[in-house]
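Topology and contacts: notes
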Amino acid sequence: MRIVPAIDIQQGEVVRAVAGERLAYLPLKSKLAHSTCPEDIGRELIKQHGLSLVYLADLDAISGQPPNWELYQRLIDSGLSLWIDAGLVAAEGCHKMVQFAAEHAEVQGIIAGMESVADRATFNRFQDLIDPKLMIFSLDLKDGHPLTKDPAWQKQIALEIAIAVAQQGVERMIVIDLARVGMHGGSGTRRLCTQLHTKFPELALYAGGGVRSVDDLVSMAGWGCSAALVSSALHDGWITSDELKKFQQKNANR
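My aim in this report is to walk through the structure given alongside it, one point at a time. (Residues numbered from 1 in each chain as written. Predicted model: local features only at pLDDT ≥ 70, side-chain atom pairs only at ≥ 80, totals over all residues. Heavy atoms only, no water.)

Topic: unusual backbone geometry
Most peptide bonds are trans, and most residues other than glycine sit at a negative phi. The backbone of Gln11 sits at a positive phi, close to 50 degrees, despite the residue not being glycine. One non-glycine residue with positive phi stands out, namely Asp143, at about 55 degrees. With respect to the helices and strands, Asp143 occurs in the loop between strand 7 (135-142) and strand 8 (145-146). Among the residues examined, Asp143 registers a relative accessible area of 58% and is labelled exposed. (Helix = DSSP H or I, 4+ residues; strand = E, 2+ residues; numbered from the N terminus. Buried < 20%, exposed > 50% of the residue type's maximum accessible area, 1.4 Å probe, protein only.)

Notes on the environment of Glu39
In this fold, Glu39 is placed in helix 1 (residues 38-49). Along the backbone, Glu39 and Thr240 are 201 residues apart, and their C-alpha atoms lie at a distance of 21 Å. What Glu39 contacts, discounting residues up to four positions off in sequence, is Leu71, Arg74, Leu75 and Ser78. One polar contact links Glu39 to Arg74, side chain to side chain, over a distance of 2.6 Å. (Contact = heavy atoms within 4.5 Å. Polar contact = N/O pair within 3.5 Å; in protein donor to acceptor, adjacent residues only side chain to side chain.)

Overview of helix 3 (residues 69-77)
Along helix 3, the positions that sit buried rather than exposed are Leu71, Tyr72, Leu75 and Ile76. Projected down its long axis, helix 3 shows its buried positions confined to an angular sector of 140 degrees, all on one face. Seen from the buried face of helix 3, the exposed residues on the opposite side, beyond 90 degrees, are Glu70 and Asp77. Against the buried residues of helix 3 lie strand 1 (2-10), helix 1, strand 4 (53-58), strand 5 (81-85), helix 4 (91-103) and strand 6 (107-113). (Arc of directions from axis to C-beta.)

Quick look at the layout of surface pockets
Taken as a whole, the largest pocket spans an internal volume of roughly 260 Å³. Looking at the largest pocket, it is lined by 17 residues, and the ones nearest its centre are Ala61, Gln65, Ala86, Gly87 and Val89. For the lining of the largest pocket, the secondary-structure elements that each account for two or more residues are helix 2 (59-62) and helix 4. Looking at the lining of the largest pocket residue by residue, the classes come out as nine nonpolar, five polar and three charged. The calculated volume of the second largest pocket comes to roughly 210 Å³. Taken together, 14 residues form the lining of the second largest pocket, with Leu141, Gly144, Ala158, Leu159 and Leu192 sitting closest to its centre. Those elements that place two or more of their residues in the lining of the second largest pocket are strand 8, helix 7 (158-167) and helix 8 (190-199). (1 Å grid on protein atoms, 1.4 Å probe; cavity = no way out; pocket = protein on both sides within 12 Å on 5 of 7 lines; lining within 4 Å. Points joined across faces, edges and corners; volume = space filled by probe spheres on them. Nonpolar A, V, L, I, M, F, W, Y, C, P; charged D, E, K, R; others polar.)

This is the structure in structure tokens:
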């Protein structure tokens, strides 16, 4: 199972995400670096943990501003590969992200977040535009409930939505409950992940939110997840580089 650090960026600096309440996010205080500069954090993730692939949440873009292309380029130049969540809403923004990815091999994932996409018809359009090997659908939840603008999705439970998009050809899926992010209580998505892994064993499942320790990572691997999104546990030193190395050695093929 792969460990993918999450970097949340707001107004040009890395912030600490807590329970999805973005207006209350504060600049990150990390044991990895005495800086909130995204490139500094990225370089230390590589240096101290050997983690060069990061999940980048451009919170300003998710809030409706244009994507920060210059920042993405700087992060790539610092040695990082990226899964980019820029709050894709409509086809126009998707076209631009696909073009950026075509010009930068370091972009290894384009996030289509259920929270951001305008509606299911638009999501279907995203599937036409984004290479399925590059597209990552994010099943965004809040206290277990779908976080979405789409009225039809709002009437469904998370499992129904996940099954439908998997049957439509989605190959990579993040399962995350934003209420759990930064709350130190585990991801809370065990049942959903295990159900999806049982039904779609070839689906690449990535879980995140609330990871506290290597024990949580072991549990997530057991659910069938092929990657875990981690943030606070790395910045607060709850997961050390030695623990991470041992875990990755034991779970290299999972």
